[in-house]
Amino acid sequence: MTTNLTEAVQDLNSQVAGATALAEGIGSDVDAFFMLVAAFMVFSMQAGFALVEAGSIVSNLRSILMKNVLDVCLCTLSWWIVGFGLARGRLSNAFIGIEHPFYLPEATIPWYFDLSFVATSATIVSGAMAERTKFVCYVVFTIIISGGIYPVVCHWVWDGKGFMAVSNPDAPLPLLDFAGCGVVHMVGGFAGLAGAYIVGPRPGIFLQKTKMLHKKDAFVHDRLLASQKLWAVIGTLILWVGWYGFNCGSVGAIVHSVDVVGRVALNTTVAAIVGAVTGSIAVYVHRRIFVIDVVLMGILAGLVSVTAGAPYMASWGAAICGFVGFFVYYGVDLLLQRFEIDDPVSAFPIHGCCGFWGLLATGLLQFPSLSGAPKSYGVQVLMQLIGGLIIAVWSLGLATVCFLIIRKALGGSVRIVNAEHEFMEEEEEYPRIGPKGIVTLLFTDIQSSTALWEADEDAMSEALILHDHCLRSNLKTHNGFEVKTEGDAFMAAFGSAVDAANYCCTVQHQLLAIKWPKQIYSVLAAGVQDDDNGHVIWKGLRVRMGFHTGEPNDKENPVTNRTDYFGRDVNYAARVSGIAAGGQLLISSASLVHMLQHYSDLEDPLDPEPPFGMEYGKHYEFADLQCWVEYIGHYKLKGISAADSPGEHLYQIIPFGLQARAFGGLRLDAEEVASATPAPGHVAPGLAVPGLALGRRDSRRSDMSPRSGVKPNLTARSNRLAALNMIYSDMEDEELHQLGANKV
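Since we're looking at a predicted model, the values are computed, not measured.

Considering the overall build of the protein chain
Line of reasoning, step 1. What the protein chain contains, in helices and strands, is 20 helices and 14 strands.
Line of reasoning, step 2. Looking at the protein chain residue by residue over its 744 residues, the buried ones come to 56%.
Line of reasoning, step 3. Across the protein chain, every contact between residues at least 6 apart in sequence was considered, and the portion connecting residues at least 24 apart equals 73%.
Line of reasoning, step 4. Within the structure as shown, the protein chain displays about 30,500 Å² of accessible surface, and the carbon and sulfur contribution to it stands at 62%.

Points about the side chain of S305
Line of reasoning, step 1. Here S305 lies in helix α8 (residues 292-306).
Line of reasoning, step 2. Setting aside anything within four residues of it in sequence, one finds S305 in contact with C181, C321, G325, C354, W357 and G358.

What to know about the nonpolar core
Line of reasoning, step 1. Formed by 105 residues in total, the largest nonpolar core has its most connected members in F141, Y150, Y329 and F403.
Line of reasoning, step 2. Excluding its chain neighbours within four sequence positions, the residues that come into contact with F141 are V125, I149, A191, A399, C402, F403 and I406.
Line of reasoning, step 3. By size, the runner-up hydrophobic cluster in this structure holds 55 residues, among which are A459, M545, Y616 and Y620.

A closer look at the environment of I145
Line of reasoning, step 1. Along the chain, I145 turns up in helix α4 (residues 135-158).
Line of reasoning, step 2. In this structure I145 comes out as buried when scored by relative accessible area, which is 1%.
Line of reasoning, step 3. When the C-alpha atoms of I145 and A191 are compared, they prove to be 8.5 Å apart, with 46 residues separating the residues in sequence.
Line of reasoning, step 4. In contact with I145, not counting residues within four places along its chain, are S121, A122, V125, Y150, P151, V187 and A191.

Some thoughts on the sheet that holds strand β5 (residues 489-494)
Line of reasoning, step 1. Reading across from one edge, β4-β5-β3-β8-β11-β14-β13-β12 is the order of the eight strands in this open sheet, with mixed pairing throughout. Unpaired on one side and paired on the other, β4 (480-486) and β12 (620-622) mark the two borders of the sheet. Within the sheet, the average angular offset between the axes of one strand and its neighbour, ignoring direction, is 25°.
Line of reasoning, step 2. By the bridge criterion, six bridges tie β4 to β5 in an arrangement that is antiparallel. Bridged to F481 within β5 is A493.
Line of reasoning, step 3. Packed on one face of the sheet, helix α14 (residues 457-473) meets β3 (439-446), β4, β5 and β8 (543-550) and runs near 165° to β3.
Line of reasoning, step 4. Packed on one face of the sheet, helix α15 (residues 497-513) meets β3, β5, β8, β11 (585-588), β13 (627-635) and β14 (648-655) and runs near 175° to β8.

Considerations on the pairing of β11
Line of reasoning, step 1. Here β11 shows no split at all, with L585 and I587 on one side and L586 and S588 on the other all buried.
Line of reasoning, step 2. Relative to β11, β8 runs parallel, the two being bridged by three bridges. Bridge pairing links M545 to L585 in β11.
Line of reasoning, step 3. Sheet analysis places β11 next to β14, joined by four bridges and oriented antiparallel.

As for the packing of aromatic side chains
Line of reasoning, step 1. The final tally for this structure, using the stated rule, is 31 aromatic pairs.
Line of reasoning, step 2. Taking 4.8 Å as the distance between ring centres and 50° as the angle between the ring planes, the aromatic pair formed by F113 and F117 counts as tilted. Here F117 and F113 lie together in helix α3 (residues 108-128), a separation of four residues that amounts to about one turn. Summarising the burial analysis for this pair, F113 and F117 share the class buried.
Line of reasoning, step 3. Summarising the aromatic geometry, the rings of W316 and F367 are spaced 6.3 Å apart at their centres and angled 85° between planes, so their arrangement reads as edge-to-face.

Examining the packing of α8 against helix α9 (residues 315-338)
Relative orientation and spacing of two packed helices are given, respectively, by the angle between their axes and the distance between those axes.
Line of reasoning, step 1. Where α8 contacts α9, the two axes come as close as 8 Å, and the packing angle between them is 125°. Looking at the two axes, α8 sits oblique to α9. Crossing geometry of α8 relative to α9 is assigned as right-handed. For the pair α8 and α9, the contacting residues are V294, M297, G298, A301, G302, S305 and V306 in the first and A318, C321, G322, G325, F326, Y329 and Y330 in the second.
Line of reasoning, step 2. For the contact of α8 with α9, the residue count by class is nine nonpolar, five polar and no charged.

Focus on helix α12 (residues 377-409)
Line of reasoning, step 1. With 33 residues, α12 should cover 48 Å at 1.5 Å per step; its first-to-last C-alpha distance of 48 Å lies within 8% of that length.
Line of reasoning, step 2. Looking at the residues trailing α12, positive phi occurs at G411, about 85°.

Points about the confidence of the model for the protein chain
Line of reasoning, step 1. Confidence along the protein chain averages 80 in pLDDT terms, with 81% of residues attaining 70 or more.
Line of reasoning, step 2. Helix α10 (residues 347-365) holds the highest mean pLDDT among the elements of the protein chain, 96, whereas helix α19 (residues 721-728) holds the lowest, 36.
Line of reasoning, step 3. Low pLDDT (under 50) marks residues 207-223, which in the prediction has 52 contacts with non-local residues, meaning those over four places away or in another chain.
Line of reasoning, step 4. Below pLDDT 50 for its whole length, residues 679-744 participates in 132 contacts with residues either more than four positions away or in separate chains.

What counts, and at which threshold
Residues numbered from 1 in each chain as written. Predicted model: local features only at pLDDT ≥ 70, side-chain atom pairs only at ≥ 80, totals over all residues. Heavy atoms only, no water. Helix = DSSP H or I, 4+ residues; strand = E, 2+ residues; numbered from the N terminus. Buried < 20%, exposed > 50% of the residue type's maximum accessible area, 1.4 Å probe, protein only. Contact = heavy atoms within 4.5 Å. Areas by Shrake-Rupley, 256 points an atom, 1.4 Å probe, with all protein chains shown as cover. Core = buried A, V, L, I, M, F, W, Y, C linked by side-chain atoms within 4.5 Å. Pairing = 2+ DSSP bridges. Axes fitted to C-alpha atoms, helices over the stretch in contact; angles between N-to-C directions. Phe/Tyr/Trp six-rings, centres within 6.5 Å; stacked < 30°, edge-to-face > 60°. Parallel < 35°, antiparallel > 145°, perpendicular 65-115°, else oblique. Left-handed = near helix turned anticlockwise from the far one by under 90°. Nonpolar A, V, L, I, M, F, W, Y, C, P; charged D, E, K, R; others polar. Expected span 1.5 Å × (residues − 1). pLDDT = per-residue confidence, 0-100.

Below, the structure written as structure tokens:
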């Protein structure tokens with residue numbers, strides 16, 4: 001009987017051991033499934049990054065999408081060939097892993113999980129350089145960062161032999177970085193800073209002459225389509241969900257770590273919502289408006305800030321991470337604008353700087369009982385600081401060297417310098433159907449463009465990009481529709497003359513604010529001049545404008561699939577623009593009649609019929625449109641006016657602040673000059689009347705006019721020094737000498 005009992009006990013023990021092994025096997029499989037799901041979530045963050053970037057730019061969308069798709073492909077190849085060996089190689093030291101190419105461990109799930117992290121780090125760089133970087137440059141750098149820069153840092157912090165690894169008892173600099181504040185986000189963020197600085201800002205992004213901080217032509221988000229804002233919102237929410245895979249998956253298991261995973265998920269959520277709420281309140285206090293873009297960035301700032309210490313701190317610590325993280329992002333973003341470093345998606349402020357703050361916050365807010373920090377509290381904070389600085393220097397330094405080498409290999413530039421990008425022409429100029437019925441047609445072109453091309457072709461190429469960007473970026477704001485562009489000529493259509501007038505005034509002011517290539521200032525037709533009060537009234541390209549309102553014929557262009565216009569009204573608008581001087585805005589009676597309701601003097605209203613009771617040489621204020629209107633006579637326009645008609649009444653729009661501009665004569669042929677009927681002796685200041693002297697003092701003439709033959713004298717009086725010094729601050733003495741100007 002004793003034998004039977006012994007056998008029963010042994011059998012029971014065997015069954016218990018089998019059940020235990022089965023449970024352990026099931027637990028191992030559950031952990032593996034958990035890791036795979038987490039890796040899939042991190043992998044899906046690529047879609048979130050693509051949508052956020054697409055929702056933050058105004059052109060070259062195909063390039064952005066292509067880069068995000070190839071990120072995963074190129075990172076996988078680079079990580080497989082050499083990256084994983086450098087990060088986790090079996091023969092390794094404290095600095096780097098050593099392994100043969102194409103090394104794969106027996107357990108491939110950790111390999112795949114690490115891959116999703118390196119792809120995230122590389123994608124961060126694409127956001128910082130979005131919209132103006134050569135595709136080849138980004139492809140090469142993606143291979144470099146995923147195969148060299150990132151794996152080395154990964155080895156330092158997460159490999160058991162790395163000199164920053166907490167799991168290495170001999171590590172001289174143990175760094176608490178649970179899910180990659182330093183390894184992933186700082187590497188990508190600081191590399192992105194190097195790329196953004198070397199590639200330079202997008203054309204027309206920063207206003208040169210302003211005391212306020214402006215980004216993207218005052219505030220680019222106001223120019224983005226509603227659908228693009230939707231992309232940014234959806235992309236951010238995808239990233240938020242993916243972050244749970246990022247942070248929770250870094251626990252490495254769930255079967256015996258449910259409490260840790262729960263704490264990580266809670267802290268990730270708290271940091272994100274605190275960052276969002278802080279952002280909405282802070283931006284309202286600062287700008288008196290609610291800006292969805294800043295709220296989205298607040299979410300990401302909170303998520304990055306808590307990544308290093310999610311399992312090591314209480315929920316109140318996560319709240320502090322999110323709160324401070326937003327101000328780190330917001331403050332650094334303003335600094336980048338101050339120094340004119342263009343980061344379209346705030347990659348460096350969010351990933352680079354909030355990543356650094358996350359490392360410090362982990363040292364400050366962690367509980368040693370949760371973190372297992374190998375150093376005392378104060379020493380660990382110091383370790384976090386030093387470790388973050390080392391990662392920053394490594395990432396920024398190597399990325400800078402790599403980008404400089406790539407720039408040299410690509411002929412001295414990594415920028416897209418042509419309006420024709422490396423992909424097909426963009427199709428994002430919505431809508432494709434222009435206004436119907438009564439339409440205001442606008443034509444513009446550049447004064448003396450031939451002379452500017454002959455003077456410096458490279459500088460003019462860059463200037464033309466700035467010019468095109470300025471004209472296009474304001475169309476959406478003023479309900480305009482781009483019809484076509486040929487060379488430096490631009491045609492647009494508006495549903496109302498009021499929108500066209502507002503658009504023209506805005507563009508003329510922004511043309512003065514653009515930071516033009518300094519070489520073009522040496523050309524008379526693009527020089528700099530200010531008025532008696534030191535305000536700049538001429539600077540850079542001078543764009544003549546003219547518009548006319550009518551009912552043109554329209555059809556869909558079979559080549560561009562866009563609305564095109566033809567007929568007499570198109571010719572009328574083209575001729576009105578064609579006779580204007582550089583920087584001048586001419587309009588027809590048919591346009592002005594739609595603007596009369598905005599005339600400011602209600603006690604002395606204008607007549608309903610042309611020329612509306614207007615006198616020569618008198619400014620009529622249209623305060624709602626921020627301009628004056630001036631009658632300049634009637635002319636028989638070639639190809640427009642009938643032989644027996646007295647001609648067409650024309651008017652000049654003068655934007656507020658630019659009334660000191662003086663123009664040469666209209667560009668009329670002999671027949672049109674003979675038909676002109678201005679009132680003798682009634683020439684207004686700055687009035688463009690053919691054959692008559694300008695009614696302005698000689699000392700303030702438009703000496704830049706190519707007709708004058710007089711070189712500009714820019715050595716100004718004391719009330720002009722501040723404006724001129726701001727303009728010339730980036731010019732060398734030799735260039736100033738060519739302009740006849742001095743720094744004072």
